[in-house]
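Now for the letters of each chain:
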Amino acid sequence: MTTRTKSPQTDRNGDVVEPEQLRRATLASSVGSALEYYDFYIYGLASALIFGPLFFSPLGESGAVIASFATYGVGFAARPFGGVVFGYIGDRFGRKMVLILTIGLMGMASFAIGLLPTFEQAGMLGAVLLVALRILQGLGAGAEQAGATTLISEVAPRRRRGFFASLPFVGIQLGTLLGAGTFALMALADRDVLLGWLWRVPFLASVILIVIAVFIRLRLKETPVFQELEKHKAVVKNPVGQIWKHSKKNVLVGIGLRMGENGNSSVYSALLVSFISLPAGVFPGDKFIGPTGLLIAAGCAAVMVVVFGALSDRFGRVPVYRYGALFQALIALPAFYLVTLGNVTLVWAVMAVGIALGVQSMLGPQCAMLPELFGSQHRFTGVALSRELSAVLAGGFAPMIGVALLAATNHSWLVPALYSLVLAAISFVTTFFTPETNGRDLALVEDAK
């Protein structure tokens, strides 16, 4: 009995497209994105809701929350280093190898968090180990999304690259649904049970996604773009040096574009949850409304990220991104004012609109745009640096800074509102310095100009 496989096809631009490789690349990237954002959301929600009393109880309630968000930020601070290291490996030795390494490192660190001793059990040792594992998480995550976007963009048909490049980011919403859904259910449990052992379950369960992701990624082939570089002996030995020499402008453009998207993702998913659940918040001590709102928002975002990716194929990456950033800026003040009214439905609506429309209207076109900004010889490193430097500046420390500002301003709703507005405005302005990349040939070694 013979097995029939789909043969390579040629699209309108003469590019060879392998349907089976495209399917596997989409699945591999989606599962990796699911694991990264499952980790991202369970850690963010745990920082907002339970890590404070578990690991930093001597600091008092507000101090403990700030300290737990500091560990959240430390993971983001580690991401650029992971981006440089794994970006180098991806441009030097291939995209596939990096995707296997990053998923293993990131996943095992998350699993180990579920085994940590708390302050009550081992004093500050638990907090020290939490920081160490968060750094390992950050190193792995520093190249995971860069690898996913580079991989899928290099195997997707040129005319539909925005659509296909956004499909793996449905995995982001799947990870969000899993993380937020888990915490929404856990919030129904008795507080002593939650802080006793139940909080460990989401971290330990990440091992399931690790096994699935590694299995799928081992069956991937290398991308056609990297195969061509190897064939013509055009792989560069120092992609980081190439970036420094030729791509500083496009790295800065990538950082600026990400400020509104990544920053507002953290504002709406972590800072807003703290804003409503802190003692001075709208729903003091509540551990259900925030995760449930994220659950609703993620379900909507899973559809909208693909819609906006497809729209960028039709209307261009820059116009879709520009109007998405403008929309995010315009809704900032009214959205956070509505949260203060104390209506649960309004809170959920704000989270859904902010994440599913505001954030995804930038993330959709970004999925293909970042890889298109860079030449083939240093693409992985360029995407990784753009994503991860911006993740530190915009997303990583946003919750910690936001909570500190809330404490200093008597819990003013203007803090998250203005934070959101400024981040979106930076991305809006950046679009006027961004080249249109829709339909670009990714085999080119030159950057987009």
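Definitions and limits used
- Residues numbered from 1 in each chain as written.
- Predicted model: local features only at pLDDT ≥ 70, side-chain atom pairs only at ≥ 80, totals over all residues.
- Heavy atoms only, no water.
- UniProt positions renumbered as here; feature names shortened; annotations may be inferred.
- Phe/Tyr/Trp six-rings, centres within 6.5 Å; stacked < 30°, edge-to-face > 60°.
- Buried < 20%, exposed > 50% of the residue type's maximum accessible area, 1.4 Å probe, protein only.
- Lys NZ or Arg CZ within 6 Å of the ring centre and 35° of its normal.
- Axes fitted to C-alpha atoms, helices over the stretch in contact; angles between N-to-C directions.
- Helix = DSSP H or I, 4+ residues; strand = E, 2+ residues; numbered from the N terminus.
- Parallel < 35°, antiparallel > 145°, perpendicular 65-115°, else oblique.
- Left-handed = near helix turned anticlockwise from the far one by under 90°.
- Contact = heavy atoms within 4.5 Å.
- Expected span 1.5 Å × (residues − 1).
- Bend = angle between axes of the 7 residues up to and from the residue.
- Polar contact = N/O pair within 3.5 Å; in protein donor to acceptor, adjacent residues only side chain to side chain.
- Disulfide = S-S within 2.5 Å.
- Salt bridge = Lys/Arg side-chain N within 4 Å of Asp/Glu carboxyl O.

- The name an unreviewed UniProt entry assigns to the protein chain is MFS transporter, from the organism Pseudarthrobacter polychromogenes.
- In UniProt, the protein chain has this text filed under Subcellular location (unreviewed entry): "Cell membrane".

### As for the packing of aromatic side chains
Then, number 1: Under the counting rule described, the total for this entry stands at 9 aromatic pairs.
Then, number 2: Relative to Phe432, the ring of Phe428 has its centre 5.3 Å away and its plane inclined at 85°; by these criteria the two rings are edge-to-face.
Then, number 3: What makes Phe428 partly exposed here is its relative accessible area of 25%.
Then, number 4: One aromatic cluster is present, formed by Phe51, Phe55, Trp199 and Phe203 through successive ring pairs.
Then, number 5: Stacked on the ring of Trp244, the Lys or Arg Lys248 has its end atom at 5.2 Å from the ring centre.

### Side note on the packing of helix α3 (residues 60–93) against helix α6 (residues 125–155)
Then, number 1: Where α3 meets α6, the closest approach of the two axes is 6 Å, and the angle between their N-to-C directions is 40°. With respect to their mutual orientation, α3 and α6 come out oblique. Here α3 and α6 pass one another in a crossing that is right-handed. From α3, Thr71, Tyr72, Val74, Gly75, Phe76, Ala78, Arg79, Phe81, Gly82, Gly83 and Phe86 reach across to α6, where they touch Leu130, Val131, Arg134, Ile135, Gly138, Leu139, Gly140, Ala141, Gly142 and Ala143.

### With respect to helix α17 (residues 344–373)
Then, number 1: Relative to the 44 Å expected for 30 residues at 1.5 Å per residue, α17 spans 41 Å between its end C-alpha atoms, a close match to the ideal helical length.
Then, number 2: Within α17, the axis deviates most sharply at Gln360, by approximately 45°.
Then, number 3: Where burial is concerned, most of α17 is hidden: 23 out of the 30 residues are buried.
Then, number 4: Its side-chain oxygen at 2.9 Å from the backbone nitrogen of Thr345, Asn343 defines the N-terminal cap of α17.

### Digging into the state of the cysteines
Then, number 1: Counted according to the given criterion, the structure contains 0 disulfides.
Then, number 2: With no disulfide of its own, Cys300 lies 18 Å from the sulfur of Cys367, the closest cysteine sulfur.
Then, number 3: By relative accessible area, which is 35% here, Cys300 ends up partly exposed.
Then, number 4: Taking the relative accessible area as the measure of exposure, Cys367 reaches 1% and is therefore buried.

### Details of the pattern of salt bridges
Then, number 1: Evaluated as defined, the whole model comprises 9 salt bridges.
Then, number 2: Arg161 serves as the salt-bridge partner of Glu372, at 2.9 Å between the closest nitrogen and oxygen. With Glu372 in helix α17 and Arg161 in helix α7 (residues 161–166), this residue pair connects regions lying 211 residues apart in the sequence. By the burial criterion, Glu372 is buried, and Arg161 matches it.
Then, number 3: In this structure, a network of salt bridges that share partners links the residues Asp91, Arg95, Glu154 and Arg379.

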